[in-house]
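An overview of the molecular structure
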Amino acid sequence: MHTAGRWLVTTASGAMHLIDSTGPDGTVTATRVTAGPAGDDPRFPLGRLRRDDQAVTVVGIRHVTGTSMTEGIVVGQDMWLQLEPLDPAAALTLRRTTPVVAVEALPEVDAGG
């Protein structure tokens with residue numbers, strides 16, 4: 001992520017992912033928020049995943065363009081999250097979402113209280 005900020009990404013299954021970036025060369029995390037409603041499309045049921053509701057370090061965020069992977073999130077495309085290993089035996093965890101239906105910029109969080 002090249003820009004600092006927070007975004008809520010909603011997918012066709014109804015899953016919501018909070019993406020939090022500290023900016024260029026900084027930390028990016030994704031939190032799959034499970035409190036949201038299930039989506040309207042029965043082809044995409046909402047299931048439980050390891051470490052739901054916990055921030056996980058993101059290595060990359062991509063989508064498919066033609067036959068290759070491209071950085072970023074695009075409405076209408078599946079989001080591919082390359083995450084820190086969630087299994088101690090894995091080198092990386094790859095999660096593919098259902099198609100993204102919305103990306104909403106969120107206000108900054110006041111760390112000062």
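Residues numbered from 1 in each chain as written. Predicted model: local features only at pLDDT ≥ 70, side-chain atom pairs only at ≥ 80, totals over all residues. Heavy atoms only, no water.

1. A closer look at the overall build of the protein
Scanning the protein from terminus to terminus reveals zero helices and seven strands. Of the regular secondary structure in the protein, the N- to C-terminal order runs β-β-β-β-β-β-β. When the 113 residues of the protein are sorted by exposure, 35% land in the buried category. (Helix = DSSP H or I, 4+ residues; strand = E, 2+ residues; numbered from the N terminus. Buried < 20%, exposed > 50% of the residue type's maximum accessible area, 1.4 Å probe, protein only.)

2. Digging into the pattern of salt bridges
With the rule as written, the count across this model stands at two salt bridges. Close ionic contact of Glu71 with Arg62 constitutes a salt bridge, the shortest N to O distance being 3.9 Å. One salt bridge in this structure joins Asp78 and Arg96, with 2.7 Å as the shortest N-O distance. Placement of Asp78 in strand β6 (residues 78-83) and of Arg96 in strand β7 (residues 93-106) is noted, with a sequence separation of 18 residues between them. (Salt bridge = Lys/Arg side-chain N within 4 Å of Asp/Glu carboxyl O.)

3. Side note on the side chain of Thr11
For Thr11, the location among the structural elements is in strand β1 (residues 5-11). By relative accessible area, which is 3% here, Thr11 ends up buried. Polar contacts involving the side chain of Thr11 include one to the side chain of Thr98, which spans 3.1 Å. Look past the residues within four positions of Thr11 in its chain and what remains in contact with it is His17, Thr97, Thr98, Pro99, Val100 and Val101. (Polar contact = N/O pair within 3.5 Å; in protein donor to acceptor, adjacent residues only side chain to side chain. Contact = heavy atoms within 4.5 Å.)

4. Here we look at the nonpolar core
The tendency in soluble globular proteins is for nonpolar side chains to be buried side by side. Ile19, Val58, Ile61, Met79, Leu81 and Leu83 are the most contacted members of the largest nonpolar core, which has 13 residues in total. Counting residues per element, the ones that place at least two in this core are β1, β3 (28-33), β4 (56-65) and β6. (Core = buried A, V, L, I, M, F, W, Y, C linked by side-chain atoms within 4.5 Å.)

5. Some details on the pairing of β6
Among the six residues that make up β6, five are buried, leaving the element largely enclosed by the rest of the structure. With five bridges joining them, β6 and β7 adopt antiparallel strand pairing. Along β7, the bridge assignment pairs Gln82 with Leu94. (Pairing = 2+ DSSP bridges.)

6. Overview of the environment of Ala15
Structurally, Ala15 is set in the loop between β1 and β2 (16-21). Judged by its relative accessible area of 4%, Ala15 falls in the buried class.

7. Structural notes on the environment of Val100
For Val100, the position within the fold is in strand β7. For Val100, a relative accessible area of 2% puts it in the buried group. Residues contacting Val100, with those up to four places away along its chain left out, are Val9, Thr10, Thr11, Ile73, Val74, Val75, Gly76, Gln77 and Met79.

8. Describing the confidence of the model for the protein
Averaged over the protein, the pLDDT score is 83; the fraction of residues at 70 or greater is 78%. Per-element averaging of pLDDT across the protein places β3 at the bottom with 90 and β6 at the top with 94. (pLDDT = per-residue confidence, 0-100.)

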